[in-house]
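One letter stands for each residue in the lines below.
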Amino acid sequence: MLELVQPMESETLQRMLRYGLATAMERIHLRPGHRPLAEGLGGPRELGYRQLSGDDTSAVAGHFLAAAQVSERLRESSADAAREVFLFMELRGGGLAEASFEVCRGGLAVTIELFQPLPRGQAAEVLEP
């Protein structure tokens, strides 16, 4: 019997992002019809994962939407439709991942920027206009 491949699960995405942080990746590109491509410390390289489908990248977008955090200021604003929304997720064990999306042949292309956790005792100030 033929088994269908399931879209990328949240745990698989989390493992991929934590691996990216552990190996000093700066960016991961997910595009239907291609294997995940990583950038950082050297030339671009494919990750050991299967070729992605449009369902995979749509699932990744859903995982980011489910984990998205909106600032207090934007949450209380009545004019949020005119603002750009940045989707990021905090990774277990530290670090952040921010996703941007664009429509491409076969579905959505997802670019994920990875940010290393801050050293213990340090904090980042977020300045909002």
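Structural data are supplied above this passage.
Everything quoted here is computed from the prediction, not taken from an experiment.

K.L.:
Sorry, what's going on with the overall build of the protein chain here?
P.N.:
Scanning the protein chain from N- to C-terminus turns up three helices and six strands. Along the protein chain, helices (α) and strands (β) appear in the sequence α-β-β-β-α-α-β-β-β when read from the amino end. Each of the 129 residues in the protein chain was classed as buried or not, and the buried ones make up 28%. A separation threshold of at least 6 residues defines the contact pool for the protein chain, and within that pool the share at least 24 residues apart is 46%.

K.L.:
Sorry, what's going on with helix α1 (residues 10–22) here?
P.N.:
Along its 13 residues, α1 runs 18 Å from first to last C-alpha, staying within 8% of the 18 Å computed at 1.5 Å per residue. Taken together, the buried positions of α1 are occupied by T12, L13, Q14, M16, L17, G20 and L21. In this fold, the buried residues of α1 make contact with β1 (27–30), α2 (54–67), β4 (87–90), β5 (96–104) and β6 (107–115). The first or second residue beyond α1 is A24, which carries a positive phi of 60°.

K.L.:
Which parts of the structure should I look at to understand the side chain of Q14?
P.N.:
By secondary structure assignment, the location of Q14 is in helix α1. For Q14, a relative accessible area of 8% translates into the label buried. The residues contacting Q14, other than those within four sequence positions of it, are M89, L91 and R92.

K.L.:
Is there a simple way to think about the pattern of salt bridges in this case?
P.N.:
Where charged atoms of side chains with opposite charge meet at close range, the side chains can pair. Within this structure, the stated rule accounts for five salt bridges. Two residues, R92 and E11, come together in a salt bridge whose shortest N-O distance is 2.8 Å. In this pair, R92 is assigned in the loop between β4 and β5 and E11 in helix α1, connecting sequence segments 81 residues apart. The exposure class of R92 is partly exposed, given its relative accessible area of 48%. Salt bridges sharing partners connect three or more residues here, namely R27, E39 and E113.

K.L.:
Just to check I follow, could you spell out unusual backbone geometry for this structure?
P.N.:
Residues other than glycine seldom take positive phi values, yet A24 does so here, at roughly 60°. Relative to the elements of secondary structure, A24 occurs in the loop between α1 and β1. According to the relative accessible area criterion, A24 is partly exposed, its value standing at 28%. Here L41, not a glycine, exhibits a phi torsion of approximately 45°, which is positive. Note that L41 resides in the loop between β2 (37–39) and β3 (45–46).

What counts, and where the lines are drawn
- Residues numbered from 1 in each chain as written.
- Predicted model: local features only at pLDDT ≥ 70, side-chain atom pairs only at ≥ 80, totals over all residues.
- Heavy atoms only, no water.
- Helix = DSSP H or I, 4+ residues; strand = E, 2+ residues; numbered from the N terminus.
- Buried < 20%, exposed > 50% of the residue type's maximum accessible area, 1.4 Å probe, protein only.
- Contact = heavy atoms within 4.5 Å.
- Expected span 1.5 Å × (residues − 1).
- Salt bridge = Lys/Arg side-chain N within 4 Å of Asp/Glu carboxyl O.

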